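Coordinates in review
Chain residues, written in single-letter form:
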Amino acid sequence: MDEGDVWRLRGHENFGYSDGRASEIHLDKVFRSAKDLSSTSSELEDHIVDWASEYHLTRKRAQLLSGFKFDPEMTVLEVGCGCGSITRLLGERFGRVISVEGNIHRARLARLRTRDLDNVTVICAPFEEIVFAEKFDAIACIGVFEYSGSFVKAEDPYRTVLQYFSDMLLDDGVLILAIENQFGLKYFNAADEDHWGTPYVGIEGYHKRPNSVRTFGRSELGRLLSERFTETRYFYPYPDYKLPDVVIAEDFLRSGEAGEMVSQVRSRDYTGRRPGNFDEPAAVLELARNDLLAPLANSFLVIAGKDAVRGVSFDQEAVAYSSGRSEPFSTQTRIRRDAGNKLSVHKTLRNGSPVASNGLLELANCSSSWADGLSLQTLLISRSSSGSTEVAKLVEPARAWAAAMTAEAKDRDGRMMLSGEHIDSVWGNFYPEANPPAFIDREWVWKEDIPLNALAIRAVYNFLVRLEDASPGAGILKRASGQTLIREICSALGMEPEDRDIDDFVTLETRFQEMAYGLDPARYGKYLRWYLAHRPSLKAARGLKTLAHRVHASLTARFSLFRHASG
Ligand SMILES: C[S@@+](CC[C@H](N)C(=O)[O-])C[C@H]1O[C@@H](n2cnc3c(N)ncnc32)[C@H](O)[C@@H]1O
């Protein structure tokens, strides 16, 4: 036992795997001083300073497995536990966890992260060199299998590791494996290979750097696993298994119904900043229609049973998590299919309460049936990729939305006003192709009336932020002033906002963002005014980079599939 409360294999030479000493020192400080080390700790998230610390400290890591039900009595062997992000979750969910890590600094950090969990043991060793006397109910291998070529001394390191897993599992044990896809769509779209930091290395077959770190495609991985495991179930975390916002079961992904959901999650390029070769969300919709999402998913999560999958269930088609919200408003959304093959959607607050309220802003648990077709937002984003700069033609499908909103508005002292229940009547929640066109997923309620035109500005603004993210080259985005563009779009829909509508929108949006996402109102108001005045200089500005990032995250973290109250 070493001074860090880690068991060490005698004679083991430390692994060179590291995010850098500075990163380890940072995590060490954070873990030592943190009061809340749990897998859902927002305290830890406050210490995210870069990609490495995000990987170790974000609550998103736990979202990979939080949609699964596990038999809590199971004993788990975790291989390559790194700095303990997944170890922590396993320790919270399972009876006993033994975690093995080849790098001593990382093993000590994993121990620190789980220092209050007596059911967790951390060992520093090459995992494949430890033959345990007992066999395990489950083995967790999260982001580790791909390193077999680097760390496992064997002729065929990948098959050797799978053999080891099979040997260490009980006859009815399960393997929980997460790995990137060699043929992830983002890699075709110029993203750096996650491990190598250069593009195309994986899809070209890793020939430039053989025998070290490599991932596999869906079929090859399937073949390898089937040599040792009788039953394999595939799940698809998006944007990837590292920071998943959504986890989708295979049948649902392949049904064609998950296209819009996947198109709304942006792939992340962790090391590169190259512009993509194509519009990824648009491509996702086409791939979904052609049952090509599974082989091109960015990551796989596989639950493989030596005999059969036991002790693990995923009681839904997909689960999605809200991102970046203030704690009381965080939600998870489950899509379920009933015996009659009907899909339904269930949104619940993550803290277990039925309603979250902040005086003016409210959000409640809700369920609804699934609505087919694309949202107005997705429809318009697809149309924008034509490159056309003609606003009126582009937003034609939004006329039904404008008509619906105008019909709902009431004249109050000469001004058309909407009930605050419409704060969420934005384009991501409107389905113009439904018969009749329907609003869905209006989860938020604002406890005051809202001017119709201010709501129209809000809807257009939401759409433009989303468009800029999904399709930055879209023709209509050539206009520099956000206000000019918004007014032009509103005008094409027969709505003519006045200056006071712009002011009311800024006030409303600022208060909403403060309550829902915890954004600083003074800075956000400034950001919004700048956006309305001159978008390109805002984009270029460095001072507001962090705020802009959070605003962007809050607005792009919406999933229009969260459908309830469908007409
Ligand atoms: C990408 S990190 C993943 C860490 C952790 N599973 C997580 O998801 O946060 C891979 C880790 O596996 C460890 N590792 C890889 N191969 C190993 C082996 N054969 N034995 C022990 N540790 C290994 C590396 O040292 C590294 O810390």
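Residues numbered from 1 in each chain as written. Predicted model: local features only at pLDDT ≥ 70, side-chain atom pairs only at ≥ 80, totals over all residues. Heavy atoms only, no water.

Some remarks on the overall build of the protein
For the protein, the helix and strand inventory stands at 21 helices and 23 strands. Its C-alpha radius of gyration of 25 Å places the protein within 12% of the 24 Å reference for a compact globule of 567 residues. On the principal axes, the C-alpha backbone points of the protein span a range of 80 × 50 × 45 Å. Counting the 567 residues in the protein, one finds 58% classified as buried. A fraction of 70% describes how many contacts in the protein between residues 6 or more apart in sequence connect residues 24 or more apart. By element, 49% of the accessible surface of the protein is carried by carbon and sulfur atoms, the whole surface being about 22,800 Å². If you average the places of the 70 positive and of the 80 negative side-chain charges in the protein, the two averages end up 3 Å apart. (Helix = DSSP H or I, 4+ residues; strand = E, 2+ residues; numbered from the N terminus. Rg over C-alpha atoms; globule rule 2.2 N^0.38 Å. Buried < 20%, exposed > 50% of the residue type's maximum accessible area, 1.4 Å probe, protein only. Contact = heavy atoms within 4.5 Å. Areas by Shrake-Rupley, 256 points an atom, 1.4 Å probe, with all protein chains shown as cover. Lys, Arg positive; Asp, Glu negative; His and termini not counted. Charge placed at Lys NZ, Arg CZ, Asp CG, Glu CD.)

With respect to the packing of helix α18 (residues 499-517) against helix α19 (residues 521-533)
The geometry of α18 relative to α19 is characterised by a closest axis approach of 9 Å and an angle of 140° between their N-to-C directions. Regarding the angle of α18 to α19, the classification is oblique. The interaxial crossing formed by α18 with α19 has right-handed handedness. In this structure, α18 uses I502, D503, F505, V506, E509, T510, Q513 and E514 to contact α19, whose residues at the interface are P521, Y524, G525, L528, R529 and L532. Grouping the amino acids of the contact of α18 with α19 by side-chain chemistry returns 7 nonpolar, 3 polar and 4 charged. (Axes fitted to C-alpha atoms, helices over the stretch in contact; angles between N-to-C directions. Parallel < 35°, antiparallel > 145°, perpendicular 65-115°, else oblique. Left-handed = near helix turned anticlockwise from the far one by under 90°. Nonpolar A, V, L, I, M, F, W, Y, C, P; charged D, E, K, R; others polar.)

Thoughts on the packing of aromatic side chains
Given two aromatic rings, their pairing is described by the distance between the two centres and the angle made by the two planes. One pass over the full model with this rule turns up 28 aromatic pairs. Measuring from centroid to centroid gives 6.0 Å for Y236 and F300, while their planes differ by 80°, and the two rings are edge-to-face. Placement of Y236 in strand β8 (residues 231-238) and of F300 in strand β10 (residues 299-305) is noted, with a sequence separation of 64 residues between them. For the pair formed by Y236 and F300, the shared burial category is buried. Considering the side-chain rings of W427 and F463, the 5.4 Å spacing of their centres and the 40° angle between planes classify their relative orientation as tilted. Of this pair, W427 sits in the loop between β19 (415-418) and β20 (430-431) while F463 sits in helix α16 (residues 452-470), and the two are 36 residues apart along the sequence. (Phe/Tyr/Trp six-rings, centres within 6.5 Å; stacked < 30°, edge-to-face > 60°.)

Section: the environment of T40
For T40, the location among the structural elements is in the loop between α1 (21-33) and α2 (42-45). Put simply, T40 and R61 are 21 residues apart on the chain and 9.1 Å apart in space, counted from C-alpha to C-alpha.

Quick notes on the confidence of the model for the protein
Summing up the model confidence of the protein, the mean pLDDT is 91 and the portion of residues at 70 or higher is 95%. Considering only residues more than four positions removed or in separate chains, one finds that residues 557-567, a stretch of pLDDT under 50, has 61 contacts. (pLDDT = per-residue confidence, 0-100.)

Quick notes on helix α15 (residues 399-408)
Along α15, the residues that are buried comprise W401, A402 and M405. Relative to the axis of α15, the buried residues are bounded by an arc of 95° and lie together on one face. Against the buried residues of α15 lie α13 (376-384), β19, β20, β21 (438-439) and α16. (Arc of directions from axis to C-beta.)

Thoughts on helix α4 (residues 85-93)
Judged by how many residues are buried, α4 sits mostly within the fold: 7 of 9 residues are covered. Listed as buried for α4 are S85, I86, T87, R88, L89, L90 and G91. Buried positions along α4 lie against α3 (51-57), β3 (75-79), β4 (96-101), α5 (104-113), β5 (120-124) and β6 (136-142).

Focus on the sheet that holds strand β22 (residues 444-446)
As summarised here, the arrangement of the 3 strands in space is β15-β16-β22, forming an open sheet in which the pairing is antiparallel. Where the open sheet ends on each side, the last strands, each with one partner, are β15 (355-357) and β22. Sheet twist, expressed as the average angle between the axes of neighbouring strands with direction ignored, equals 20°. Relative to strand β16 (residues 361-364), β15 runs antiparallel, the two being bridged by 3 bridges. Paired with A356 across the strands is L363, a residue of β16. (Pairing = 2+ DSSP bridges.)

A few points about the sheet that holds strand β18 (residues 410-412)
Taken in spatial order, the 3 strands make up an open sheet running β18-β19-β23, and their pairing is antiparallel. Since the sheet does not close on itself, it has two edges, and those belong to β18 and β23 (450-451), each with one partner. Pairing geometry for β18 and β19, over 3 bridges, is antiparallel. Paired with D411 across the strands is M416, a residue of β19.

Let's talk about the domain arrangement of the protein
In terms of domain boundaries, the protein breaks down into domain 1 (1-14 + 21-68 + 83-127), domain 2 (135-310) and domain 3 (345-556). Distance from the C-alpha centre of domain 1 to the C-alpha centre of domain 3: 40 Å. (Domains from an automatic or database assignment.)

Regarding the site of the ligand
Contacts to the ligand come from 20 residues, most closely from R61, G80, E101, R106 and I142. Y55 places a polar side-chain atom, nitrogen or oxygen, 3.1 Å from an oxygen atom of the ligand. In isolation the ligand offers 600 Å² of accessible surface; the protein chains occlude 98% of this area. Residues that form the shell around the ligand fall into these classes: 12 nonpolar, 4 polar and 4 charged. Among the domains, domain 1 (1-14 + 21-68 + 83-127) and domain 2 (135-310) are the pair contributing at least three residues each to the shell around the ligand. (Near = heavy atom within 4 Å. Polar contact = N/O pair within 3.5 Å; in protein donor to acceptor, adjacent residues only side chain to side chain.)

Examining the environment of W530
Inspection of the secondary structure puts W530 in helix α19. The class of W530 is partly exposed, set by a relative accessible area of 28%. Expressed as a C-alpha distance, the spacing of W530 and D2, which sit 528 residues apart in the sequence, is 55 Å.

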